[in-house]
Amino acid sequence: MANNPPNDLAVPLCVDLDGTLLNTDMLWESLRDVARKRPWCVLLFPIWLLQGRASLKQRVASRATVDIATLPFHRSFVEFLKAEKTRGRRLILATASDQSVAEKIALQFRLFDEVLASDGERNLRGEAKAALLVERFGLKGFDYAGNSHVDLQVWAKARHAIVVNGSEALAAQARTVAEVACVFPEEPGN
């Protein structure tokens, strides 16, 4: 971990799910689960996608039975989140994964005060996520932990960026749009 974590407890920490909290992507995990258990549904994936990515996620999530307890997660980042929660910080799971999946994961980790996720109509990713977080918490009124280039749009609106599982190039890009408070590199074996 580089730098020091922000210590202003009044500012919520919004956390991405796929590739950040988890070392996997829930859409791919769910697609794989549905394809394995209900192979005929694979023929429906393109049709569902035509109705939008959020619709695809919702339809797949309603049919998947992924065992949340077996998913790989970023251990040192989760320890950081536990410490922040213990200090009294408000944690928000803000993800492009479907709401039903996000709520199950939030329940499993028991860290999050609120879950913001895709809802079958709105895909909560990139600009859409940034707009919702600004609407809820104000410009620079939240910190955001993410892992991909799409998160640059959110970091640009956040007070601090926390880069998890990202390359040094991504961390450098994040520094061009926000103050980077922490960097959590990929953990071996995850």
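Quick note: structure is the one above.
Bear in mind the structure is a predicted one, so any value in this text is a computation, not a measurement.

A. Focus on the pattern of salt bridges. Scanning the model with the defined rule gives 13 salt bridges in all. The salt bridge partner of R36 is D33, with a shortest N-O separation of 3.3 Å. Of this pair, R36 and D33 both sit in helix α1 (residues 26-37), separated by three residues, roughly a single helical turn. Taking the relative accessible area as the measure of exposure, R36 reaches 59% and is therefore exposed. Here E84 makes a salt bridge to R87, at a shortest N to O gap of 3.1 Å. On the accessibility criterion, E84 (3% relative accessible area) is buried. Among the ionic contacts, a cluster of salt bridges with common partners joins E84, R87, R89, D143 and R159.

B. Local environment of helix α3 (residues 53-63). All buried positions along α3 are accounted for by A54, S55, L56, K57, V60 and A61. Lining the buried residues of α3 we find α1, α2 (45-50), β2 (91-98), α5 (99-109) and β3 (114-118).

C. Structural detail: the nonpolar core. Judged by nonpolar contacts, the single largest core of 30 residues is most densely connected at L21, F77, L81, I105, F112 and I162. Put simply, the parts of the chain that give this core at least two residues each are β1 (13-15), α4 (75-86), β2, α5, β3, β5 (160-164) and β6 (179-184). Sorting elements by how many residues they give to this core places α5 first, with five residues. The contact partners of I105, leaving out residues within four places of it in the chain, are L17, L21, L22, M26 and I68.

D. Here's a closer look at the pairing of strand β4 (residues 143-146). Side chains D143 and A145 of β4 all project onto a buried face; the interleaved residues Y144 and G146 project onto the opposite face, where all are buried too. Of the pairings in the sheet, the one linking β1 to β4 comprises three bridges and is parallel in character. Bridging across to β4, C14 finds its partner in Y144.

E. Summary view of α5. Every buried residue belonging to α5 is among V101, A102, I105, A106 and F109, and all of these are buried. Buried residues of α5, viewed axially, fall in a sector of 135 degrees; they line one side. At the C-terminal side of α5, R110 shows a positive phi close to 55 degrees.

F. Examining the sheet that holds β6 more closely. One open sheet accounts for six strands, arranged β3-β2-β1-β4-β5-β6; its pairing is parallel. With partners counted over all chains shown, the strands left at the sheet margins are β3 and β6, one partner each. On average, adjacent strands in this sheet sit at an angle of 20 degrees to one another, irrespective of strand direction. Judged from the three bridges that link them, β1 and β2 form a sheet pairing that is parallel. The residue of β2 that forms the bridge with L13 is L91. Its contacts with the sheet place helix α6 (residues 127-137) against β1, β2, β3 and β4, and it is angled at close to 150 degrees to β2.

How each quantity is defined
- Residues numbered from 1 in each chain as written.
- Predicted model: local features only at pLDDT ≥ 70, side-chain atom pairs only at ≥ 80, totals over all residues.
- Heavy atoms only, no water.
- Salt bridge = Lys/Arg side-chain N within 4 Å of Asp/Glu carboxyl O.
- Helix = DSSP H or I, 4+ residues; strand = E, 2+ residues; numbered from the N terminus.
- Buried < 20%, exposed > 50% of the residue type's maximum accessible area, 1.4 Å probe, protein only.
- Contact = heavy atoms within 4.5 Å.
- Core = buried A, V, L, I, M, F, W, Y, C linked by side-chain atoms within 4.5 Å.
- Pairing = 2+ DSSP bridges.
- Arc of directions from axis to C-beta.
- Axes fitted to C-alpha atoms, helices over the stretch in contact; angles between N-to-C directions.

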